[in-house]
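Residue-level structure breakdown
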Amino acid sequence: MENKKYLINFLILFPTIYFFIRYFEVEISKILAYIIGNLLKTQYYNNIIIYNGDVYTIISACTCSLEISLFLGYVLATPKVSIKYKFLYSIFGIFIINIVNILRIILILKNSQYANYSIVHNVLSFIIFPVALFLNFMWVKILLKIGVIE
């Protein structure tokens, strides 16, 4: 019964969170451009970064809203767990996903001059999904360790 409840919770939370975060993707992309522009000490405007004379646009897909929604849906749907633990782990996970995302975008920009941009972008873009899956795996391990689930 708990598995069915978890699945129903997840199937409700995941799309709800995703559609909520999608509403803010443009603003998130501007914030990412600001952070990356300052870290690389390069020019930026809105969601555009000028790096090594080339113009790059931080688009909605760069915000990792799908991966964050997947992670949050997984954590928040877990039954029998205090909201305090869910909230703390959610903050931690969002922080980790965003740090990895910023590093991913920086790696794409720094390595795009050495190879075809599309190849570099496509190879490095898939790193966020395994990070979200790893965080979900760690969530289960933590719950097993503290005895919330068996």
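Overview of the structure. Throughout this document, residue positions are counted from 1 along each chain, in the order its sequence is written. Selection of residues for local features in this predicted model requires a pLDDT of at least 70, selection of side-chain atom pairs for listing and counting requires 80 or more, and totals for whole chains, interfaces and linings are taken over all residues. Only hydrogens and water are set aside; all other atoms, that is, all heavy atoms of the structure, feed into the side-chain values.

Regarding the overall build of the protein
Our working definition: Secondary structure is summarised from DSSP: a helix means a run of H or I of at least four residues, a strand means a run of E of at least two, and numbering begins at the N terminus for each. Under the scheme applied here, a residue whose accessible area is under 20% of the maximum for its type counts as buried, over 50% as exposed, and between as partly exposed, the area being computed with a 1.4 Å probe on protein chains only. Only heavy atoms matter for contacts: two residues are in contact if any of them lie within 4.5 Å across the pair. Surface accessibility follows the Shrake-Rupley procedure with a 1.4 Å probe radius. Residue values consider only the protein chains on display as shielding. Here Asp and Glu are counted as negative and Lys and Arg as positive; His is not counted, and neither are the chain ends. A charge is said to be at NZ when it belongs to Lys, at CZ for Arg, at CG for Asp and at CD for Glu.
A count of helical and extended segments in the protein gives six helices and three strands. Taking the principal axes of its C-alpha atoms as reference, the protein extends roughly 55 × 30 × 25 Å. The buried share of the protein, reckoned over its 150 residues, is 37%. Long-range contacts, defined here as pairs at least 24 residues apart, represent 68% of the contacts in the protein between residues at least 6 apart. For the protein, the accessible surface area stands at approximately 9400 Å², while carbon and sulfur atoms represent 69% of it. Positive and negative side-chain charges of the protein, numbering 12 and 6 respectively, have mean locations separated by a distance of 7 Å.

Section: helix H6 (residues 128-145)
Note the following rule: Expected span, for any helix, means 1.5 Å times one less than how many residues it has. An arc is given here, and it is the one of the directions from the helix axis to the C-beta atoms.
Its 18 residues place the ends of H6 26 Å apart at the C-alpha level, agreeing with the 26 Å of an ideal helix rising 1.5 Å per residue. Along H6, the residues that are buried comprise Ile128, Val131, Ala132, Leu135, Asn136, Trp139 and Leu143. The arc that holds the buried residues of H6, viewed along the axis, is 140°, so those residues lie on one side. Looking one or two residues beyond H6, the residue adopting positive phi is glycine 147, at roughly 80°.

Some thoughts on the side chain of lysine 86
Short version of the rule: Throughout this description, a polar contact denotes any pair of N or O atoms lying within 3.5 Å of each other; where both atoms belong to protein, one of them has to be capable of donating a hydrogen while the other can accept it, and for residues adjacent in sequence the pair is counted only when both atoms sit in side chains.
Locating lysine 86 in the fold gives a position in helix H4 (residues 83-111). For lysine 86, a relative accessible area of 10% translates into the label buried. Polar side-chain contacts of lysine 86 include one of 3.1 Å to the backbone oxygen of leucine 76. With sequence-adjacent residues up to four places away left out, lysine 86 is seen in contact with Val75, Leu76, Thr78, Val81 and Trp139.

Points about the nonpolar core
As a reminder, the rule being used: By convention a nonpolar core is built from buried Ala, Val, Leu, Ile, Met, Phe, Trp, Tyr and Cys residues, the set being connected through side-chain atoms within 4.5 Å.
Residues Phe71, Leu72, Tyr89, Ile97, Leu135 and Trp139 are the most contacted members of the largest nonpolar core, which totals 17 residues. Residue assignment for this core shows that the elements contributing at least two residues are helix H1 (2-22), helix H3 (65-76), H4 and H6. Tallying contributions element by element places H6 first for this core, with six residues. Residues contacting leucine 135, with those up to four places away along its chain left out, are Phe71, Tyr89, Phe92, Gly93, Ile96 and Ile97. Listed in part, the 13 residues of the second largest apolar core include Leu40, Tyr51, Cys62 and Leu109.

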